[in-house]
Amino acid sequence: MSQSNIAFIGVGAMGRPMASLLAQAGHNLTLFDVDHAACTALAREIGAHAATGLDEIGPGLDFVITMLPDGEKVRAVLVEGGIAARLPSGAICVDMSSSDPLGTRELGKKLAHHGIGLIDAPVSGGVKKAIDGTLAIMIGGEESVLETCRPVLDVMGGSLFHAGPLGAGHAIKALNNYVSAAGLIASVEALRIGEAFGLEAERIVEILNASTGRNNTTENKLMQHVVPESFQSGFSLGLMEKDVRTAVALGPALGVDVAFGAEVHAYCKQAVDEIGPGADHTAVVDKPKD
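About the criteria used
- Residues numbered from 1 in each chain as written.
- Predicted model: local features only at pLDDT ≥ 70, side-chain atom pairs only at ≥ 80, totals over all residues.
- Heavy atoms only, no water.
- Buried < 20%, exposed > 50% of the residue type's maximum accessible area, 1.4 Å probe, protein only.
- Helix = DSSP H or I, 4+ residues; strand = E, 2+ residues; numbered from the N terminus.
- Lys, Arg positive; Asp, Glu negative; His and termini not counted.
- Salt bridge = Lys/Arg side-chain N within 4 Å of Asp/Glu carboxyl O.
- Polar contact = N/O pair within 3.5 Å; in protein donor to acceptor, adjacent residues only side chain to side chain.
- Contact = heavy atoms within 4.5 Å.
- Pairing = 2+ DSSP bridges.
- Right-handed = clockwise from strand over helix to strand, strands pointing away.
- Axes fitted to C-alpha atoms, helices over the stretch in contact; angles between N-to-C directions.
- Left-handed = near helix turned anticlockwise from the far one by under 90°.
- Nonpolar A, V, L, I, M, F, W, Y, C, P; charged D, E, K, R; others polar.

Could you give me a rundown of helix α1 (residues 15-24), with the residues and numbers involved?
The buried fraction of α1 is high, at eight of 10 residues. By the burial criterion, the buried members of α1 are Gly 15, Pro 17, Met 18, Ala 19, Ser 20, Leu 21, Leu 22 and Ala 23. Note on α1: the residue one or two positions beyond its end, Gly 26, has a positive phi of about 100°.

Below, the structure is given as structure tokens:
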């Protein structure tokens, strides 16, 4: 694989292992994060450069990868932060955040004025798969731009899915997380009803996983995080609420009724208001005990 000059912006729980894999693959990395101490420590660990400000990012880069909380922050660093204006023509921005898909389309138009390409490439799989380099990556954008990015994305992902035109990756990521959230709420409520009836939690989960109710929560969250009340899956309630809100907002914008989706979002929003956005998303039904 040829070396590329890459700026990786956002080295939190997910970004840190993703950036590490790129460095291990031999790419030249510049890192930036609002947590400058953590960014500097990671740069020292993986042999990258830690930028002290956005003004250092731009010239000579082939790719800018963003792994930030939402699309507003992505636009803030790429457009308002001046990165797009400093990038060489032909450079490509890869937004791996969970951003608003309609906003991604607008961002693509702004970057095109600078001769900069854009693909949206959100991920699924959590920290474990980020460490392993086996993330599922959902990609929106032109095929030719994707092919240019593929060697870089292959380092971080085990499965790459070209979902469609620009914004399609962010759309399917939000929709996936909406479906996951709905399954989480239903699964935990079913667990609590079963326990109140006198069923053992282990037997409830065992039967669900052998039946049509099986889903990601029954397989990977109930026994691991909900039953022991550890609530430590590594994905926050605030991020789940944001993803569900993004998915549900697409409905009215596209003329699609989302009555159930609105209820799921209201449930998530109430949980955020009651236990805070920093709580683990597996605590959406049950508050952690003091």
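Explain the side chain of Asp 95 to me, using residue names and the numbers behind them.
Positionally, Asp 95 belongs in strand β5 (residues 92-95). Of the side chains with opposite charge, Arg 75 comes closest to the buried, unpaired Asp 95, at an N-O distance of 7.2 Å. For Asp 95, the side chain forms a polar contact with the side chain of Thr 66, separated by 2.9 Å. Beyond its immediate sequence surroundings of up to four residues, Asp 95 is in contact with Thr 66, Val 74, Leu 118, Ile 119, Asp 120, Ala 121, Pro 122 and His 170.

Before we move on, can you summarise the pairing of strand β9 (residues 157-164) with the specific residues and values?
Here strand β8 (residues 135-140) runs beside β9; their pairing, made up of six bridges, is parallel. Opposite Met 138, over in β9, you have Phe 161 as the bridge partner. After leaving β8, the chain enters helix α7 (residues 143-156) and then returns to the sheet as β9, a path that is right-handed.

Describe the packing of helix α8 (residues 168-197) against helix α12 (residues 237-254), naming the residues involved and giving the relevant values.
The contact between α8 and α12 brings their axes to 8 Å, and the two run at 115°. Where α8 crosses over α12, the two elements pack in a sense that is left-handed. Of α12, the residues touching α8 (which contributes Ala 171, Ala 174, Leu 175, Asn 177, Tyr 178, Ala 181 and Leu 184) are Met 240, Asp 243, Val 244, Thr 246, Ala 247 and Leu 250. Of the residues assigned to the contact of α8 with α12, the class counts are 10 nonpolar, two polar and one charged.

Which residues make up unusual backbone geometry, and what values go with them?
Only a minority of non-glycine residues have a phi that is not negative, and only a minority of peptide bonds are not trans. Although it is not a glycine, Glu 229 sits at a positive phi angle of roughly 55°. Note that Glu 229 resides in the loop between α11 (222-226) and α12. Since its relative accessible area comes to 34%, Glu 229 is described here as partly exposed. At Phe 231, a residue that is not glycine, the phi angle is positive and equals roughly 50°. With respect to the element layout, Phe 231 can be found in the loop between α11 and α12. The exposure class assigned to Phe 231 is buried, which follows from its relative accessible area of 8%.

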